[in-house]
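Now for the letters of each chain:
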Amino acid sequence: QVQLVESGGGLVQAGGSLRLSCAASGSIFRINDMGWYRQAPGKQRELVAKISSGGVSNYADSVKGRFTISEVNARNTVYLQMNSLKPEDTAVYYCAADIIPRFGPRTDYWGQGTQVTVSS
């Protein structure tokens, strides 16, 4: 079984910062991309940032210059540092990973989601 466990969400004032963490565990052969998505009430889930196994990252235009994605390969962990937060960043944030498990096919896995609320 492969699991993604997120942490680090919460309530912050506009202009503040939060750091999200996501750790992948279980019978993992290889992790390809890891990333963060978010879904605000009444809106579709959208990509926030992702990083490849080679360390190449890309971001949604709305977060460029404010958010930074990073990973620790040896620990199968990805982080999202969120600075200069805005009320429109309020959403449930989901970690996602493209993983080849030791037993089974390549699969997209999702975390349970963590709430980020930015007050004005």
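Residues numbered from 1 in each chain as written. Predicted model: local features only at pLDDT ≥ 70, side-chain atom pairs only at ≥ 80, totals over all residues. Heavy atoms only, no water.

(A) Layout of the overall build of the protein chain. Across its full length, the protein chain holds 0 helices and 11 strands. Helices and strands appear in the protein chain in the N-to-C order β-β-β-β-β-β-β-β-β-β-β. In terms of C-alpha radius of gyration, the protein chain reaches 14 Å, essentially the compact-globule figure of 14 Å for 120 residues. Once the C-alpha set of the protein chain is aligned to its principal axes, its extents read approximately 45 × 25 × 20 Å. A burial count over the protein chain gives 42% of its 120 residues as buried. (Helix = DSSP H or I, 4+ residues; strand = E, 2+ residues; numbered from the N terminus. Rg over C-alpha atoms; globule rule 2.2 N^0.38 Å. Buried < 20%, exposed > 50% of the residue type's maximum accessible area, 1.4 Å probe, protein only.)

(B) Representation of the sheet that holds strand β8 (residues 77-82). Strand order across the open sheet formed by 4 strands is β1-β3-β8-β7, with antiparallel pairing between neighbours. Of all the strands in the sheet, the pair left with one neighbour each is β1 (2-7) and β7 (67-72). This sheet shows a mean twist of 15° between the axes of neighbouring strands, independent of strand direction. (Pairing = 2+ DSSP bridges. Axes fitted to C-alpha atoms, helices over the stretch in contact; angles between N-to-C directions.)

(C) Main features of the state of the cysteines. Within the structure shown, the criterion is met by 1 disulfide. Here Cys22 engages in a disulfide with Cys95; their sulfurs sit 2.0 Å apart. Between Cys22 and Cys95, the S-S torsion sits near -80°, and that sign places the bridge as left-handed. Taken together, the residues span a long stretch of sequence, with Cys22 in strand β3 (residues 18-26) and Cys95 in strand β9 (residues 91-101) at a distance of 73 residues. Note on Cys95: relative accessible area 0%, which makes it buried. (Disulfide = S-S within 2.5 Å.)

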